[in-house]
Amino acid sequence: HRPADMVPKIMAALGPKGINFTYTDQLEDLNSATLAQYDALLLFANWDSIAPQQANALLDFVASGKGFIPVHCASYCFRNNDEIVKLMGGQFWRHTWDTIQPVWAKPEHPALAGVVPFKTLDETYLHTHLQPDNEVLTERIIQADQAKDRPNQTKEPYTWVRTEGKARIFYTA
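Residues numbered from 1 in each chain as written. Predicted model: local features only at pLDDT ≥ 70, side-chain atom pairs only at ≥ 80, totals over all residues. Heavy atoms only, no water.

A. Main features of the environment of Asn-134. Structurally, the position occupied by Asn-134 is in the loop between β5 (120-128) and β6 (135-141). When its relative accessible area of 12% is taken as the criterion, Asn-134 is described as buried. In this structure the C-alpha to C-alpha distance between Asn-134 and Asn-31, which are 103 residues apart in sequence, comes to 27 Å. Dropping the residues within four chain positions of it, Asn-134 is found in contact with Gly-89, Trp-160, Val-161 and Arg-162. At 2.8 Å, the side chain of Asn-134 and the backbone oxygen of Gly-89 are in polar contact. (Helix = DSSP H or I, 4+ residues; strand = E, 2+ residues; numbered from the N terminus. Buried < 20%, exposed > 50% of the residue type's maximum accessible area, 1.4 Å probe, protein only. Contact = heavy atoms within 4.5 Å. Polar contact = N/O pair within 3.5 Å; in protein donor to acceptor, adjacent residues only side chain to side chain.)

Given below as structure tokens:
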């Protein structure tokens, strides 16, 4: 939950692949003029709410066909705006802490190309407001400590893609 600490690592991993980043931690940068300079927006933040003019800029940007990549804690952002929550495909509800071993739901999807199975110790997100048109790419096994929160469910969606009009969205917890 310290995006500024992660940016250099993200840049180092993706820069050599031709993916360039500009980082900001200023919510005011969510405006039409600034967003017009970019092809996609990666949201990795801890902002609980968003002002109407910023929400409109974000929604217009994505509706124009640009990419939207909310990751991890982004699913807790902007809970005051139902359109953005829907756009993300779901909203963070709660978590515990455990080992996560993603289960590939769609191993043939291009977004998973070259990704090898792994385990990691992290927050075990549960989501609400999951959209029925999410194309789930990975799931995680629901551990015993969360079974009461998801009765009769053994897996939780963890990575998905979706479209909303011309918008292209990728989310991963």
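B. Here's a closer look at the environment of Val-136. Tracing the backbone through its elements, the reader meets Val-136 in strand β6. Spatially, the C-alpha atom of Val-136 lies 7.2 Å from that of Lys-106, the residues being 30 residues apart in sequence. Each residue touching Val-136, except ones within four places of it in the same chain, is listed here: Ala-105, Lys-106, Pro-157, Thr-159 and Trp-160.

C. Just the pattern of salt bridges, in detail. On inspection of all chains with the given rule, the structure shows ten salt bridges. The partner of Asp-149 in a salt bridge is Arg-94, and the shortest N-O contact between them spans 2.9 Å. Residue Asp-149 is located in the loop between β6 and β7 (155-164), and its partner Arg-94 is located in strand β3 (residues 91-100); the two are separated by 55 residues in the primary sequence. A relative accessible area of 35% means that Arg-94 is categorised as partly exposed. Residue Arg-150 is joined to Glu-156 by a salt bridge in which the shortest nitrogen-to-oxygen separation is 2.9 Å. You can call Arg-150 buried: its relative accessible area is 12%. Within the structure, one salt-bridge network assembled from shared partners comprises Lys-86, Asp-133, Arg-162 and Glu-164. (Salt bridge = Lys/Arg side-chain N within 4 Å of Asp/Glu carboxyl O.)

D. How the structure looks around unusual backbone geometry. Positive phi, close to 45°, is recorded for His-72, a residue that is not glycine. Even without being a glycine, Phe-78 presents a positive backbone phi close to 55°. When you line up the elements, Phe-78 lands in the loop between β2 (67-70) and α4 (82-88).

E. The sheet that holds β2, seen in detail. Reading across from one edge, β1-β2-β8-β7-β6-β4 is the order of the six strands in this open sheet, with mixed pairing throughout. Looking at the sheet topology across the chains shown, the edges are occupied by β1 (40-43) and β4 (103-104). (Pairing = 2+ DSSP bridges.)

F. Inspection of the pairing of β6 at higher detail. Sheet topology places β4 next to β6; two bridges connect them, and they run antiparallel. Note that in β6 the partner of Trp-104 across the bridge is Thr-138. Sheet topology note: the β6/β7 ladder contains six bridges and is antiparallel. For Arg-140, the partnering residue across the bridge sits in β7 and is Glu-156.

G. Expanded view of the nonpolar core. Leu-43, Phe-68, Phe-78 and Ile-84 are the most contacted members of the largest nonpolar core, which totals 22 residues. Only β1, α3 (52-63), α4 and β8 (167-172) provide two or more residues apiece to this core. Here the element with the most residues in this core is α3; it accounts for six residues. Dropping the residues within four chain positions of it, Leu-43 is found in contact with Phe-68, Ile-69, Pro-70, Val-71, Ala-74, Cys-77, Phe-78 and Met-88. (Core = buried A, V, L, I, M, F, W, Y, C linked by side-chain atoms within 4.5 Å.)

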